[in-house]
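Overview (structure and organization)
Okay, here's what each chain looks like letter by letter:
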Amino acid sequence: MTGRRISVVVPFHNNVDLLGACLVSIAAQTHVDLDVVMVDDGSTDAAPEVARAQAQADPRFRLITIASSGPG
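Residues numbered from 1 in each chain as written. Predicted model: local features only at pLDDT ≥ 70, side-chain atom pairs only at ≥ 80, totals over all residues. Heavy atoms only, no water.

Here we take up the sheet that holds strand E1 (residues 6-12). Strand pairing in a sheet relies on backbone hydrogen bonds. The paired strands run either parallel or antiparallel. Here three strands make up an open sheet; going across it, the order is E1-E2-E3 and the pairing parallel. Where the open sheet ends on each side, the last strands, each with one partner, are E1 and strand E3 (61-66). Sheet twist, expressed as the mean angle between neighbouring strand axes with direction ignored, is 20°. Sheet topology note: the strand E2 (residues 34-41)/E3 ladder contains six bridges and is parallel. Among the inter-strand pairings, Asp-40 is bridged to a residue of E3, identified as Thr-65. This element, helix H1 (residues 16-27), spans E1, E2 and E3 of the sheet and lies at about 175° to E1. (Pairing = 2+ DSSP bridges. Helix = DSSP H or I, 4+ residues; strand = E, 2+ residues; numbered from the N terminus. Axes fitted to C-alpha atoms, helices over the stretch in contact; angles between N-to-C directions. Contact = heavy atoms within 4.5 Å.)

Before going further, it helps to examine unusual backbone geometry. Residue Asn-14 is not a glycine yet carries a positive backbone phi of 50°. In this fold, Asn-14 is placed in the loop between E1 and H1. A relative accessible area of 33% means that Asn-14 is categorised as partly exposed. (Buried < 20%, exposed > 50% of the residue type's maximum accessible area, 1.4 Å probe, protein only.)

Put simply, H1 and helix H2 (residues 47-57) touch, their axes get as near as 9 Å, and they point 15° apart. Relative to H2, the element H1 lies roughly parallel. The interaxial crossing formed by H1 with H2 has right-handed handedness. For the pair H1 and H2, the contacting residues are Val-16, Leu-19, Gly-20, Leu-23 and Ala-27 in the first and Ala-47, Val-50, Ala-51 and Gln-54 in the second. (Parallel < 35°, antiparallel > 145°, perpendicular 65-115°, else oblique. Left-handed = near helix turned anticlockwise from the far one by under 90°.)

Now the structure itself:
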């Protein structure tokens with residue numbers, strides 16, 4: 001599938017224990033034109049920091065934060 005953009009949406013809420021491995025797995029994909037949108041739905045754990053670090057390290061990743069009180 002060359003020449004096509006693939007977008008991946010990663011919603012998360014208070015799951016820091018799983019998020020890092022998820023993002024590493026996505027980052028390891030070999031597709032060139034990859035767009036990863038990480039959506040924080042009001043996490044109160046360290047998950048937003050993990051996502052923020054990934055977005056700073058890899059331009060294919062971006063973080064959107066929603067001020068909410070739970071997964072949705």
